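# A structural walkthrough
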Amino acid sequence: TVKFTITPETLGRGGDDEIDAEVSISPNGRHITYVAGADGQLWVRDLDQEHPRPVPGATRVYQVFWSPDSREIGYAIGRRELMRVPITGGTPALLAKLEGNFRRASWSSDGQTILY
C-alpha cells in the first residue's frame, strides 16, 4: 500500500476548451497523471518516486487517457486535436483531428483502437 497526497499549486477544472484537472491512474497501477498550472501542463507521479514530474511537450492538456501498456498518455488539446506522448515525454504526436463535442477517449486493450 502506498499513501500520499497530491498537492499541486493549481488543480482546477476549466471550461470546455480549457484544462481538465482530473486525476488518472495508469492501467498497470504504477503512475498517476494530473493537469496543473495555467498552461495545462501534464504531470506524472510514479508511485515508486517521491515527487511528480512534468511530461515534457504535453501542455494545454484536456481529458487524459492511457495506452493499455501504460507507456503512452493520450489527451486532447482544446477539443480540437487528439494527441499521444510517451510517459517519459517527448514530441507529442497527432492521433486525430477532432470534430464535434469531445468529452472522453479510451484506448482498446490491444492498442489498435481509440474510441472517443
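Every residue gets a number counted from 1 within its own chain, in the order that chain's sequence is written. Reporting of local features is limited, given that this is a predicted model, to residues whose pLDDT is at least 70; pairs of side-chain atoms are given and counted only at 80 or more, and all residues count toward the totals for whole chains, interfaces and linings. Side-chain descriptors were evaluated using all non-hydrogen atoms of the structure, hydrogens and water having been removed beforehand.

Let us look at the nonpolar core. Judged by nonpolar contacts, the single largest core of 14 residues is most densely connected at Leu42, Val55, Ala58, Val61, Ile73 and Tyr75. Counting residues per element, the ones that place at least two in this core are β3 (41-46), β5 (61-66), β6 (72-77) and β7 (81-86). Residue contacts are counted whenever heavy atoms from the two residues lie within 4.5 Å of one another. Those residues within four positions of Val55 in sequence are excluded, and the remaining contacts are Gln41, Leu42, Val44, Ile73, Val85, Pro86, Ile87 and Gly89. Residues Leu82, Ala96, Leu98 and Trp107 belong to the second largest nonpolar core, which totals nine residues. The nonpolar core is taken to be a set of buried Ala, Val, Leu, Ile, Met, Phe, Trp, Tyr and Cys residues, with the residues joined through side-chain atoms within 4.5 Å. The rule is simple: take the accessible area with a 1.4 Å probe, protein chains only, and divide by the maximum for that residue type; under 20% is buried, over 50% is exposed, in between is partly exposed. Segments assigned H or I by DSSP are reported as helices when at least four residues long, segments assigned E as strands when at least two residues long, and all are numbered from the N terminus.

Between any two strands, at least two bridges found by DSSP are needed for them to pair. Bridge analysis of β7 against strand β8 (residues 93-97) gives four bridges, and the strand direction is antiparallel. Across the sheet, residue Met83 finds its bridge partner in β8, namely Leu94. Taking the residues between adjacent antiparallel strands as the criterion, β7 and β8 are bridged by six residues, where Gly89 takes a positive phi near 95°.

A word on the sheet that holds strand β1 (residues 24-25). A sheet is described by the order of its strands in space; here four strands give the open sequence β1-β2-β3-β4, paired in antiparallel fashion. Looking along the sheet, the strands with just one partner apiece sit at the ends: β1 and β4 (53-54). Pairing between β1 and strand β2 (residues 31-36): two bridges, direction antiparallel. For Ser24, the partnering residue across the bridge sits in β2 and is Thr33.

Along the chain, the position of Ser67 falls in the loop between β5 and β6. In this structure Ser67 comes out as buried when scored by relative accessible area, which is 3%. Sequence-wise, Ser67 and Ile114 are 47 residues apart; in three dimensions their C-alpha atoms are separated by 9.1 Å. Not counting residues up to four positions away in its chain, the partners in contact with Ser67 are Pro27, Glu72 and Trp107.

Among the structural elements, Ser26 can be located in the loop between β1 and β2. Pairs of N or O atoms are called polar contacts if they sit within 3.5 Å, as long as, within protein, a hydrogen donor faces a hydrogen acceptor (for residues adjacent in sequence, only side-chain-to-side-chain pairs). Side-chain polar atoms of Ser26 contact the backbone nitrogen of Arg30, separated by 3.3 Å. Ser26 has contacts with His31, Trp66 and Ser70, leaving out every residue within four places of it along the chain.

Most of β6 sits inside the fold, with six of its six residues counted as buried. Across the two faces of β6 the burial is the same, with Glu72, Gly74 and Ala76 and Ile73, Tyr75 and Ile77 all buried. Inspection of the sheet shows β5 paired to β6 by four bridges, in the antiparallel sense. The partner of Val61 across the bridge, within β6, is Ile77. In sequence, β5 turns back onto β6 through a hairpin of five residues, with Ser70 there showing a positive phi of about 65°. Pairing between β6 and β7: six bridges, direction antiparallel. The partner of Ala76 across the bridge, within β7, is Leu82. If you look at the hairpin formed by β6 and β7, you'll find three residues sitting between the two strands, and Gly78 has a positive phi there, around 50°.

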